[in-house]
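Results of the structural survey
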Amino acid sequence: MGHTEFVNALAVTPDGQHIISGAGDKLVKVWSVATKSLVSSCATGLASSFGVAAVAAMPDGQRFLSGGGARNKNVRVWLLNGTLENTFSELHTDRVTALVALPDNQHALSGGADRTVKLFNVNDGAVLRIFKHHTKYVSSL
C-alpha cells in the first residue's frame with residue numbers, strides 16, 4: 001500500500017484533507033488524512049531510476065503537479081483521484097527538481113537541474129518567464 005522506495009517529495013492540499021507523496025518507486029500517491037487510507041496511486045511511467053522528485057498541490061484542492069527525477073524533464077498535472085490531466089514534456093533541458101503552485105490556480109514554478117526556474121501555465125504548459133543564472137540546480141521552491 002505504501003511506497004516501495006524512498007519518498008522524495010510531499011505536499012498537502014490547502015484544506016489539509018490530503019497528503020501527496022512522490023517516491024523513487026516512480027509513483028505518486030494521494031492519501032486521505034481523515035481515513036488514513038490511500039485515495040489513488042498514479043503510475044508516472046518514468047524511465048528514471050530516481051522516480052518522482054517533486055510534487056505540489058494546486059490551490060483548488062482538486063489537482064496536483066508531479067515532476068520527474070533523473071533524465072525526466074516532464075511536469076504532469078493530475079486530479080486527486082489519480083486521473084492524468086496533462087503532461088508538459090521537456091519543460092526543462094534537464095530533470096525537474098522542484099515545483100510550487102501559485103495562489104491564482106493557473107500558474108506554477110518549476111525548478112530544474114538545468115539551473116533555471118520557469119513560470120508556466122498549468123492549463124497549457126506555456127512558459128511565461130525563465131529565471132536563469134543559478135550556480136547549482138534548483139533543489140526547492
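The preceding data block contains the structure.
Residues numbered from 1 in each chain as written. Predicted model: local features only at pLDDT ≥ 70, side-chain atom pairs only at ≥ 80, totals over all residues. Heavy atoms only, no water.

With that settled, consider the overall build of the chain. Counting its secondary structure elements, the chain contains 0 helices and 12 strands. Counted from the first residue to the last, the chain has its helices and strands arranged as β-β-β-β-β-β-β-β-β-β-β-β. Considering only C-alpha atoms, the chain reaches an extent of 45 × 35 × 20 Å along its principal axes. When the 141 residues of the chain are sorted by exposure, 50% land in the buried category. Look at the contacts in the chain between residues 6 or more apart in sequence, and 35% of them connect residues 24 or more apart. Carbon and sulfur atoms make up 52% of the accessible area of the chain, which totals about 6900 Å². Put simply, the chain has 13 plus and 10 minus side-chain charges, and the middle of one group is 8 Å from the middle of the other. (Helix = DSSP H or I, 4+ residues; strand = E, 2+ residues; numbered from the N terminus. Buried < 20%, exposed > 50% of the residue type's maximum accessible area, 1.4 Å probe, protein only. Contact = heavy atoms within 4.5 Å. Areas by Shrake-Rupley, 256 points an atom, 1.4 Å probe, with all protein chains shown as cover. Lys, Arg positive; Asp, Glu negative; His and termini not counted. Charge placed at Lys NZ, Arg CZ, Asp CG, Glu CD.)

As enumerated under the stated definition, the model contains 2 aromatic pairs in all. Relative to Phe120, the ring of Phe88 has its centre 6.2 Å away and its plane inclined at 70°; by these criteria the two rings are edge-to-face. Note that Phe88 is positioned in strand β8 (residues 84–88) and Phe120 in strand β11 (residues 117–121), a separation of 32 residues in sequence. The exposure classification of Phe88 matches that of Phe120, with both residues buried. (Phe/Tyr/Trp six-rings, centres within 6.5 Å; stacked < 30°, edge-to-face > 60°.)

Right, let's talk about the sheet that holds strand β10 (residues 107–112) for a bit. Pairing between sheet strands relies on hydrogen bonds along the backbone, with the strands arranged either parallel or antiparallel. Strand order in this open sheet of 4 strands is β9-β10-β11-β12, and the pairing throughout is antiparallel. For this open sheet the edge positions go to β9 (96–101) and β12 (127–131), each flanked by a neighbour on one side alone. Neighbour-to-neighbour, the strand axes of this sheet turn through a mean angle of 20°, independent of strand direction. As defined by bridge partners, β10 adjoins β11 across 5 bridges and the pair is classed as antiparallel. Across the sheet, the residue bridging to Leu109 is Leu119, located in β11. (Pairing = 2+ DSSP bridges. Axes fitted to C-alpha atoms, helices over the stretch in contact; angles between N-to-C directions.)

So, about the nonpolar core. With 14 residues, the main nonpolar core has Met58, Leu65, Val75, Leu99, Ala108, Phe120 and Val122 as its most contacted residues. Where this core is concerned, the elements lending two or more residues are β5 (52–57), β7 (75–79) and β9. It is β9 that contributes the most residues to this core, 3 residues altogether. Those residues in contact with Met58 that lie beyond four places of it in its chain are Pro14, Arg63, Phe64, Leu65, Ala101, Asn105 and Val122. (Core = buried A, V, L, I, M, F, W, Y, C linked by side-chain atoms within 4.5 Å.)

Let us now look at the sheet that holds β7. Strand order in the open sheet formed by 4 strands is β5-β6-β7-β8, and the pairing between neighbours is antiparallel. Of all the strands in the sheet, just β5 and β8 have a single pairing partner and so form its edges. Sheet twist, expressed as the mean angle between neighbouring strand axes with direction ignored, is 20°.

Next up on the list: the environment of Ala101. Looking at where Ala101 falls in the secondary structure, it is placed in strand β9. For Ala101 and Lys132, which are 31 residues apart along the polypeptide, the C-alpha to C-alpha distance reads 19 Å.

Moving on to the pairing of strand β6 (residues 63–68). Buried residues dominate β6, accounting for 6 of its 6 residues. By the alternation rule, side chains of β6 split into Arg63, Leu65 and Gly67 and Phe64, Ser66 and Gly68, which are all buried. Inspection of the sheet shows β5 paired to β6 by 5 bridges, in the antiparallel sense. Paired with Ala57 across the strands is Phe64, a residue of β6. The hairpin formed by β5 and β6 contains 5 residues between the paired strands, and Gly61 there has a positive phi angle of roughly 70°. Alignment of β6 against β7, held across 5 bridges, turns out to be antiparallel. Counterpart to Arg63 in the pairing with β7 is Leu79.

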